Amino acid sequence: MVDPRAALVAEARRWIGTPYVHQASVLGAGCDCLGLVRGLWRSLHGTEPEAPPPYGPDWAEAGGDEALWQGLARQLRPAPGAPAPGDVLLFRMRARSVAKHLGVLTEAGPNARFIHAYCGHGVVESPLSQPWARRIVARFEMT
């Protein structure tokens, strides 16, 4: 039996190199951070349970609406225990702003890494450095 977390990490690695395209979610053609997670869901589970509403790059920052966090909470489960490969990570990029960036943890521990779609870079695997780690506000599991 295939470990669902390992399958998520393997699928996320297939997306590396996909260009960054706001609101897109197509392997090799383009995606943003939500589009990456949406594409991973489709690859592993089939049809998405709900379509995201239209969103701008600011994710409703001015109104303080945590739309991304609320949507994740509807469709995914909180990740239990310590961070583990396969966790879907939600980041708050600035203090007192809405959480609006996503990634998938690929390695935990002192050499932690994650995959995310990053504006100007596309889908990349990055070290989960302290500046990134301190921005994590929630972890979810897709399994």
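Reading the values: rules and limits
- Residues numbered from 1 in each chain as written.
- Predicted model: local features only at pLDDT ≥ 70, side-chain atom pairs only at ≥ 80, totals over all residues.
- Heavy atoms only, no water.
- Buried < 20%, exposed > 50% of the residue type's maximum accessible area, 1.4 Å probe, protein only.
- Helix = DSSP H or I, 4+ residues; strand = E, 2+ residues; numbered from the N terminus.
- Pairing = 2+ DSSP bridges.
- Phe/Tyr/Trp six-rings, centres within 6.5 Å; stacked < 30°, edge-to-face > 60°.
- Salt bridge = Lys/Arg side-chain N within 4 Å of Asp/Glu carboxyl O.
- Core = buried A, V, L, I, M, F, W, Y, C linked by side-chain atoms within 4.5 Å.
- Contact = heavy atoms within 4.5 Å.
- Axes fitted to C-alpha atoms, helices over the stretch in contact; angles between N-to-C directions.
- Parallel < 35°, antiparallel > 145°, perpendicular 65-115°, else oblique.
- Left-handed = near helix turned anticlockwise from the far one by under 90°.
- Nonpolar A, V, L, I, M, F, W, Y, C, P; charged D, E, K, R; others polar.

## A look at the pairing of strand 4 (residues 88–92)
Within strand 4, four of the five residues are buried, leaving the element largely enclosed by the surrounding structure. With five bridges connecting them, strand 4 and strand 5 (residues 99–107) associate as antiparallel partners. Bridge pairing in strand 5 links Val88 to Val104. Adjacent in sequence and paired antiparallel, strand 4 and strand 5 are bridged by six residues, among which Arg96 carries a positive phi angle near 65°. In this structure, strand 4 lies alongside strand 8 (residues 136–141), joined through four bridges in antiparallel fashion. Looking across to strand 8, one finds that Val88 is bridged to Phe140.

## Focus on the environment of Gly64
Examined against the element boundaries, Gly64 turns out to sit in the loop between helix 2 (33–45) and helix 3 (67–75). What makes Gly64 partly exposed here is its relative accessible area of 42%. Spatially, the C-alpha atom of Gly64 lies 8.5 Å from that of Arg96, the residues being 32 residues apart in sequence.

## A short note on the packing of aromatic side chains
Tallying each qualifying case throughout the model produces four aromatic pairs. Seen from their ring centres, Phe91 and Phe114 are 5.3 Å apart, and the 40° between their planes marks the pair as tilted. A residue pair is termed long-range when its members are at least 10 positions apart, and Phe91 in strand 4 and Phe114 in strand 6 (residues 113–118) qualify at 23 residues. Comparing Phe91 with Phe114 shows no difference in burial state: the two are buried. Through a chain of ring-to-ring contacts, the aromatic side chains of Phe91, Phe114, Tyr118 and Trp132 assemble into a single cluster.

## What to know about the pattern of salt bridges
Applying the stated rule across the entire model yields 12 salt bridges. With its nearest N and O atoms 2.9 Å apart, the salt bridge here joins Arg13 to Glu125. With a gap of 112 residues between them, Arg13 in helix 1 (residues 4–14) and Glu125 in strand 7 (residues 122–127) connect regions that are remote in the sequence. With relative accessibility at 35%, the residue Arg13 sits in the partly exposed group. Its salt-bridge partner being Asp87, residue Arg139 comes within 2.6 Å of it at the nearest N-O pair. Of the two residues, Arg139 is situated in strand 8 and Asp87 in the loop between strand 3 (77–78) and strand 4; the sequence distance between them amounts to 52 residues.

## Structural notes on the nonpolar core
Ranked by size, the top nonpolar core spans 25 residues in total, and within it Leu40, Val88, Leu90, Leu102 and Met142 carry the most contacts. If you list the elements that add at least two residues to this core, you get helix 1, helix 2, helix 3, strand 4, strand 5, strand 6 and strand 8. Leu40 has contacts with Leu8, Glu11, Ala12, Trp15, Val104 and Met142, leaving out every residue within four places of it along the chain. The next biggest cluster of nonpolar side chains, apart from the first, holds seven residues, and it includes Leu89, Phe91, Leu105 and Leu128.

## Re the packing of helix 1 against helix 2
Close contact between helix 1 and helix 2 brings their axes to 10 Å; oriented N to C, the two are set at 125°. Relative to helix 2, helix 1 is oriented oblique. Where helix 1 crosses over helix 2, the two elements pack in a sense that is right-handed. Listed contacts from helix 2 to Ala7, Leu8, Glu11 and Ala12 of helix 1 are Leu40, Ser43 and Leu44. Among the residues forming the contact of helix 1 with helix 2, the class breakdown is five nonpolar, one polar and one charged.

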